[in-house]
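Now for the letters of each chain:
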Amino acid sequence: MTVPPPSPRDGLRLALLYAAVFAGIGVAMPFLPLWLAGLGLGPELIGALVALPILVRIVATAPLVGLIDRGVPPRTLMVAGSLGLAATWALMPLAASLSWLALAGVIVLNAVAGASLVPCLDYQSLAAVRRRPGLDYARIRLGGSLGFLAATLLGGWLLGLVGTGGIPGFLAALELVSACGAVLLLRRETASAPARRAAGRVRLPAALWLAIAAGAAIQASHAAVYAFGSIHWVGLGLSPAETGIAWGVGVVAEIGFFAVAGRVPYLRDAPFRLLALGALAALLRWGGLLAAAGLPALVLPLQALHALTFGATQLGVMAALSRLAPEGGRGAAQGAYAACAALASASATLASGAAYRAGGGTLAFGLMLPVAGLGLVFTLAAARAARR
């Protein structure tokens, strides 16, 4: 089948779908714990229910995304996943009225439904970029960051109007929009690139496994700041408003990096340079946050490094998947990275929690330095293996 020529609309369609998918994440991540607290659940149970989807994704993501290599179109997985998310979000209030065990069961189903969404969308976007070199994955992925930010702001405004009880219904509506988007926006993509059936199990090259480990380690090094950044910064003397600005600086820096990275020849299609840049920035960022204990003004400029610690790492690992994953094994590779990243992040979050209890922010952020360093070691090993 003839591949259609590059068109700005191809990138726009995929960017719009990223925005739709990440809108749900942008509401669920900050506001679901508030809904759980509104049910009268204790902090320990809330923590367990919030951690449950991470554990599910570790197990469910790779097999689900691997179905692409068996001939299941990514659009089918995305539509089914979005509809499953919508149904489970809508069922959560009923489950919560029965018991917390019923609620936990629905949360598990919710996590299974959503496990393949982002990896499938990454798979589809990377395939589009390979077929149409005029497209830029970084600018496509920018749609996800903008959707996340917009949904977070809209969710906060809606929360002020209707209270925490409306969160599940709002999430269900967003996932219905995501399902419609997958049907409409991926139609041409799926038709122009039918999935290949793998003749047998395809082995991933060692360089790719090392790149996957590097990306997972660097992203996992964010665990301390994600879990305890706000608490630590307020303890340093920042006001809640300044803490919010600090988070905003990170998001804006990430958006800016995605907007320009594809236009920098040194970084375009350079997975190991991007991963090394992410790892080095992570070492600087977490080391700087240790120094910020005596100089809180460092927090804001250090947050701007999120453009590299998250953005460059994300682009680097996606470039490695696009370049190194074999045909017939691209779905498995995408799922493997998502599962490894979830496992690494869960482990780092648990470790940072124990460190924060034992020694506060100093020990928690200090623990992230060797995690980022491990990401740099894996990056150098991946580059050497790729050269061989």
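What you see is a predicted model; the values in this text were computed from it and never measured.

A. Molecular detail of the overall build of the protein chain. Scanning the protein chain for helices and strands turns up 15 helices and 0 strands. A globule of 388 residues ought to have a C-alpha radius of gyration of about 21 Å, and the protein chain, at 20 Å, matches this closely. Counting only C-alpha atoms, the protein chain reaches 60 × 50 × 35 Å along its principal axes. Here the protein chain, with 388 residues, has 50% of them falling under the buried criterion. Taking the contacts inside the protein chain whose residues are at least 6 apart along the sequence as the reference set, 84% of them involve residues at least 24 apart. Roughly 16700 Å² of accessible area belongs to the protein chain as shown, and the carbon and sulfur atoms make up 71% of that amount. In the protein chain, 26 positive and 11 negative side-chain charges are present, and the distance between their average locations comes to 8 Å.

B. Molecular detail of the nonpolar core. With 108 residues, the main nonpolar core has Met78, Trp89, Leu208, Phe257, Leu289, Leu315 and Leu321 as its most contacted residues. With near-sequence residues (within four places) excluded, Leu321 lies in contact with Leu126, Leu208, Ile212, Arg330, Ala333, Gln334 and Tyr337.

C. Looking closely at the environment of Leu41. Secondary-structure assignment places Leu41 in the loop between helix H1 (8-38) and helix H2 (43-66). Taking C-alpha positions, Leu41 is 8.6 Å from Trp100, a pair spaced 59 residues apart along the chain. Contact partners of Leu41, with chain neighbours within four places excluded, come to Leu36, Ile46, Leu49 and Leu103.

D. The arrangement of the confidence of the model for the protein chain in detail. With 94% of its residues at a pLDDT of 70 or more, the protein chain shows a mean pLDDT of 87. Of all the helices and strands in the protein chain, helix H8 (residues 187-192) carries the lowest mean pLDDT, 46, while helix H9 (residues 206-220) carries the highest, 96. Contacts for the low-pLDDT stretch residues 189-199, under 50 throughout, to residues beyond four places or in other chains number 27 contacts.

E. Representation of empty space enclosed by the protein in the model. Summed over the entire model, instances satisfying the criterion amount to 2 cavities of 30 Å³ or more. Space inside the largest cavity adds up to approximately 50 Å³. Forming the walls of the largest cavity are Tyr123, Leu126, Ala127, Arg130, Leu321, Ser322, Ala325, Arg330, Ala333 and Gln334. Residue assignment for the lining of the largest cavity shows that the elements contributing at least two residues are helix H5 (117-131), helix H14 (306-324) and helix H15 (330-387). With 4 residues, H5 is the largest single contributor of residues to the lining of the largest cavity. Looking at side-chain class alone, the lining of the largest cavity contains 6 nonpolar, 2 polar and 2 charged residues. Quantified by volume, the second largest cavity comes out at close to 40 Å³. With 4 residues, the single largest contributor to the lining of the second largest cavity is helix H6 (residues 137-162).

F. Focus on the state of the cysteines. Summed over all chains, the structure comprises 0 disulfides. Considering cysteine sulfurs only, Cys340 is the nearest to Cys120, which forms no disulfide, with 17 Å between them. Cys120 gets classed as buried once you look at its relative accessible area, which sits at 0%. Here Cys180 stays free of any disulfide, with the sulfur of Cys120 as its closest cysteine sulfur at 18 Å.

G. View of the packing of aromatic side chains. Taken as a whole, this structure holds 4 aromatic pairs when the rule is applied. Centre to centre, the rings of Trp233 and Trp247 are 5.4 Å apart; their planes meet at 50°, and the pair counts as tilted. Of this pair, Trp233 sits in helix H10 (residues 223-236) while Trp247 sits in helix H11 (residues 240-261), and the two are 14 residues apart along the sequence. Positioned above the aromatic ring of Phe22, the side-chain terminus of Arg141 is 4.4 Å from the ring centre. Over the aromatic face of Tyr266 sits the side chain of Arg273, whose NZ or CZ is 4.1 Å from the ring centroid.

Reading the values: rules and limits
Residues take numbers from 1 onward in each chain, read along the sequence in its written order. Where local features are concerned, this predicted model is filtered to residues with pLDDT of at least 70; where side-chain atom pairs are given and counted, the filter is 80 or more; whole-chain, interface and lining totals use all residues. Each side-chain value is worked out from all heavy atoms of the structure, with water and hydrogens disregarded. For helices the rule is a DSSP run of H or I covering at least 4 residues; for strands it is a run of E covering at least 2, with both sets numbered from the N terminus onward. A radius of gyration in this sense is built from C-alpha atoms; the matching globule rule multiplies 2.2 Å by the number of residues raised to 0.38. Summary of the burial criterion: residues with accessible area below 20% of their type's maximum are buried, those above 50% are exposed, and those between are partly exposed, where the area comes from a 1.4 Å probe applied to protein chains only. Only heavy atoms matter for contacts: two residues are in contact if any of them lie within 4.5 Å across the pair. Here the open area of atoms and residues is found with the Shrake-Rupley method and a 1.4 Å probe, where only the protein chains shown may cover a residue. By the counting scheme adopted, Arg and Lys are positive, Glu and Asp are negative, and His together with the chain ends is not counted. To locate a charge, take NZ of a lysine, CZ of an arginine, CG of an aspartate or CD of a glutamate. What is meant by a nonpolar core is a set of buried Ala, Val, Leu, Ile, Met, Phe, Trp, Tyr and Cys residues, joined one to another through side-chain atoms within 4.5 Å. Think of pLDDT as the predictor's per-residue confidence, scored from 0 to 100. Site definitions follow a grid-based scheme: protein atoms alone, a 1 Å grid, a 1.4 Å probe that fits but cannot get out for cavities, and for pockets an open set with protein on both sides within 12 Å along at least five of seven lines, plus lining residues having an atom within 4 Å of a point. Grid points are joined across faces, edges and corners, and a volume is the space filled by probe spheres set on the points. Residue polarity follows a fixed list, in which Ala, Val, Leu, Ile, Met, Phe, Trp, Tyr, Cys and Pro are nonpolar, Asp, Glu, Lys and Arg are charged, and the others, Gly among them, are polar. The disulfide criterion is simple: two cysteine sulfur atoms within 2.5 Å. The pairing test for Phe, Tyr and Trp rings, Trp by its six-membered ring, is centres within 6.5 Å, and the orientation test on the planes gives stacked under 30 degrees, edge-to-face over 60, and tilted for anything in between. Whether a charge sits over a ring depends on NZ of Lys or CZ of Arg being within 6 Å of the ring centre and within 35 degrees of the ring normal.

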